[in-house]
Amino acid sequence: MGVAANAVTLPDGQDGDPGRDPGRVPIPPRDGTRRAEPGDSPGDATAAPILEAHELAVGRGGRPVLAGVNLRVGSGERLALVGANGSGKTTLLRALAGLDAALAGVIQWDGGELPRGSERVRQVGVLFQGETPPGFTVRELVCLGLGLDGPPSGSAAGLLGDVLGRMDLDPLVERSCAFLSGGEWQRAVLARSLVARPGLLLLDEPTNHLDPARRAALFALLDRLRGSVAAVLATHDLECAATCDRVVLLGDSRVVAVGSPSEVLTPPTLASVLGIRVRRVDDPEGGSPFLRVVGPS
Amino acid sequence: MTRIGVPVVVLVLGALCAGAMALGLSIGSSGWRGDALPALFAGDQIITFLRAPRVLTSALCGASLALAGVAMQTVLRNDLADPYVLGIAGGASAGAVLSLALWPSLPPGPAAAGGGAAATILVRGIARGPYNPTRLLLGGIAVGSILASLTGLVLVLAPSERLLRSATFWLFGGFGTPVLGSLTVPAVLLATSFAWMTFHAERLDRLSLGDDVAASLGTDVRKTRAGLLTIAIVLTAAVVAVGGLIGFVGLIAPHAGRGIVGATHRRLLPVATLLGALLVVAADAVARTAFSPREVPVGLVTAAVGGPFFLWLLQRRRAWA
């Protein structure tokens, strides 16, 4: 499939080190993208959908931002919502998280409504951008992710210990969140989102404000979850989007294109939707070529 | 950072509270009584019917203010919030001063509580729409200022020695000579509020992370916030009715509690409540005796002690930020 077959971070043909060149984006093929069709289903190829949206319209303060959105996220699939500032990525993600009601259309989580109370965290975990660290210890913070009233029972304590171990937070459990480094804090909030073992994780601009090392560390963490937890990421980080199974490109108040990164992240599409000019750059170390953003289109 | 166990802290604070209450029974404007405890149970006129209700009132008011402070700081997500911040102080002052001016023979407590609660409800109405703590705080400041000018106007236009004296005493907080029966309602409100907040401690923790995070973690944000606001208003109104405006306790007790046992509400609630009780019982003992036979308003003592203590806490803030 052309250049994309050799691109380092593309999911279909990858030998990937997603964090090694944050300024560049792996190059997609030159065959362009197709237009999004109603009923387009990013997760068609996988198992039963863990998240499904049909003819969804979302907005802020009653004003529509996006309309006619059809999405299917399969179990364990990773999906990127990509678009310019104001294109509705975060608004759509908030609706998918059940935080804001949709203006129209239907969202189904695991085939039904999003449950209330502690059942909810077993279905959907959310990672917000720009959350301020509280005075809680890491253990206390992550424990809140269980959504319980009262101290955790034996099995809940087991889940807590498990996620703290998996996120390498064991040495930090008694430390106040206010004293964590940026990377540690992000691991802590990710652990909070995952402690109840949800099938779906929603992430709002997860790579914003991260330095290259933390960004690479986040990619590595997400890679460890690949296949076990479905993830929807709202991002304008093209490299981050390129690590996903599918990309949903937003523009003009609608879904412009849906497909694999190699299908969607093409120079013509990026120029018309995001307004950026990209250039193909070969890897001097013999790796796959990258797309490099060289300026506005 | 290893945190001290809550049972140990509660035990120590409980003992200190008991000690302060015993001291409060033993000292007063009529002098030191070494036999205060036996006299209490023997039905002594001064100890049982004057000092004991006074000490119990102080403890109740301190505990209620601390709990209201925790509730207000959680609901507004602002460490500088205190129980009076949403216009309660202004409304209560206006209600009390109007009552003292118009009906001098009646106690100003009920009018003050009504004024405070009405002002807060007005502030909540002004800041209606999507919940925004900053709008609430600004609304509280605006309504508080308007009501403070009304209070000043009444004091200027209806000057009388008696009104000025009773208003001053009330505005800085003072317990007067309460009767035991009048404490039933505040005690029931305190116990109910403490039980509700403790039962929902983890919800309060999640709410303190912000509305979106709390909702994503399965918390019914509107219901929890409404419960907390109701508790803050009702407890503060009850304290205002009994003891006027007692500053700083609702601000300091939660902060000091967090410094000792951390920020989670299950740990914080009993500790902050005991700290509030301890502070006001001790302050009232000082208020009754420092300038004996003259009594000074207890709010002056809590502010005089609380201000420097708060500054010291701020210096140490990074230790538990």
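Residues numbered from 1 in each chain as written. Chains lettered and ligands numbered in written order. Predicted model: local features only at pLDDT ≥ 70, side-chain atom pairs only at ≥ 80, totals over all residues.

S.K.: Tell me about the overall build of chain A, residues and numbers included.
M.R.: On a plain count of helices and strands, chain A comes out with eight helices and 12 strands. In chain A, of all internal contacts separated by at least 6 residues, the share reaching a separation of at least 24 is 70%. (Helix = DSSP H or I, 4+ residues; strand = E, 2+ residues; numbered from the N terminus. Contact = placed C-beta atoms within 7 Å.)

S.K.: Account for the packing of helix α1 (residues 6–26) of chain B against helix α3 (residues 45–76) of chain B, naming residues and giving values.
M.R.: Residue and element names in this part refer to chain B. Viewed as axis vectors pointing N to C, α1 and α3 meet at an angle of 145°, and their least axial separation amounts to 9 Å. For the element pair α1 and α3, the recorded crossing hand is right-handed. Here C17, M21, G24 and L25 of α1 come into contact with α3, specifically with I47, R51, A52, V55, S58 and A59. Across the contact of α1 with α3, the residue classes tally to seven nonpolar, two polar and one charged. (Axes fitted to C-alpha atoms, helices over the stretch in contact; angles between N-to-C directions. Left-handed = near helix turned anticlockwise from the far one by under 90°. Nonpolar A, V, L, I, M, F, W, Y, C, P; charged D, E, K, R; others polar.)

S.K.: How would you summarise the pairing of strand β10 (residues 254–259) of chain A if you had to cite specific residues and measurements?
M.R.: Residue and element names in this part refer to chain A. Judged by how many residues are buried, β10 sits mostly within the fold: five of six residues are covered. Bridge analysis of strand β9 (residues 246–251) against β10 gives five bridges, and the strand direction is antiparallel. By the bridge assignment, L249 is partnered in β10 with A257. Hairpin remark: β9 followed by β10, antiparallel, with two residues in the connecting loop; positive phi at D252, about 55°. (Buried ≥ 20, exposed ≤ 12 C-beta atoms within 10 Å, placed from the backbone. Pairing = 2+ DSSP bridges.)

S.K.: Please provide a residue-by-residue account of the sheet that holds strand β6 (residues 124–127) of chain A, values included.
M.R.: Residue and element names in this part refer to chain A. An order of β6-β7-β8-β4-β9-β10 is seen for the six strands of this open sheet, with the pairing classed as mixed. Looking along the sheet, the strands with just one partner apiece sit at the ends: β6 and β10. On average, adjacent strands in this sheet sit at an angle of 15° to one another, irrespective of strand direction. Pairing between β6 and strand β7 (residues 200–204): four bridges, direction parallel. By the bridge assignment, V126 is partnered in β7 with L202. Along the sheet, helix α4 (residues 182–194) makes contact with β6 and β7, crossing β6 at roughly 165°.

S.K.: Give me the nonpolar core: which residues, what numbers.
M.R.: Among the nonpolar cores identified, the biggest contains 181 residues, and V248 of chain A together with V281 of chain B are the most heavily contacted of them. Top contributing element to this core by residue count: α3 of chain B, with 17 residues. Not counting residues up to four positions away in its chain, the partners in contact with V281 of chain B are C17, A20, M21, G24, V55, S58, A59 and G62 of chain B. (Core = buried A, V, L, I, M, F, W, Y, C linked by C-beta atoms within 7 Å.)

S.K.: Hey, could you go over helix α5 (residues 109–126) of chain B for me, with residue numbers and the actual values?
M.R.: Residues and elements named next belong to chain B. Over its 18 residues, α5 runs 26 Å from end to end, which matches the ideal 26 Å to within 8%, given 1.5 Å per residue. All of the buried residues in α5 are G109, A111, A112, A113, G115, G116, A117, A119, T120 and V123. Residues of α5 that are buried sit in contact with α4 (88–102), α6 (133–157) and α11 (221–243). (Expected span 1.5 Å × (residues − 1).)

S.K.: So what's going on with the environment of Q186 of chain A? Residues and values would help.
M.R.: All names here are of chain A. Relative to the elements of secondary structure, Q186 occurs in helix α4. Classification of Q186 as buried rests on a count of 22 C-beta atoms within 10 Å. Spatially, the C-alpha atoms of Q186 and R214 are 9.0 Å apart, while their sequence positions differ by 28 residues. Setting aside residues no more than four positions away along its own chain, Q186 makes contact with R214 and L218.

S.K.: Tell me about unusual backbone geometry, and name the residues and values.
M.R.: Backbone phi values are negative for most residues with the exception of glycine, while trans is the configuration of most peptide bonds. Of note in the backbone geometry, S253 of chain A takes a positive phi value of approximately 60° without being a glycine. Of note in the backbone geometry, F248 of chain B takes a positive phi value of approximately 75° without being a glycine. By secondary structure assignment, the location of F248 of chain B is in the loop between α11 and α12 (249–261).

S.K.: How would you summarise the environment of P151 of chain A if you had to cite specific residues and measurements?
M.R.: Residues and elements named next belong to chain A. With respect to the helices and strands, P151 occurs in the loop between α2 (138–144) and α3 (154–166). Residue classification places P151 among the exposed residues on the basis of 11 C-beta atoms within 10 Å. Here the alpha-carbon distance between P151 and A217, two residues 66 residues apart in the chain, equals 31 Å.

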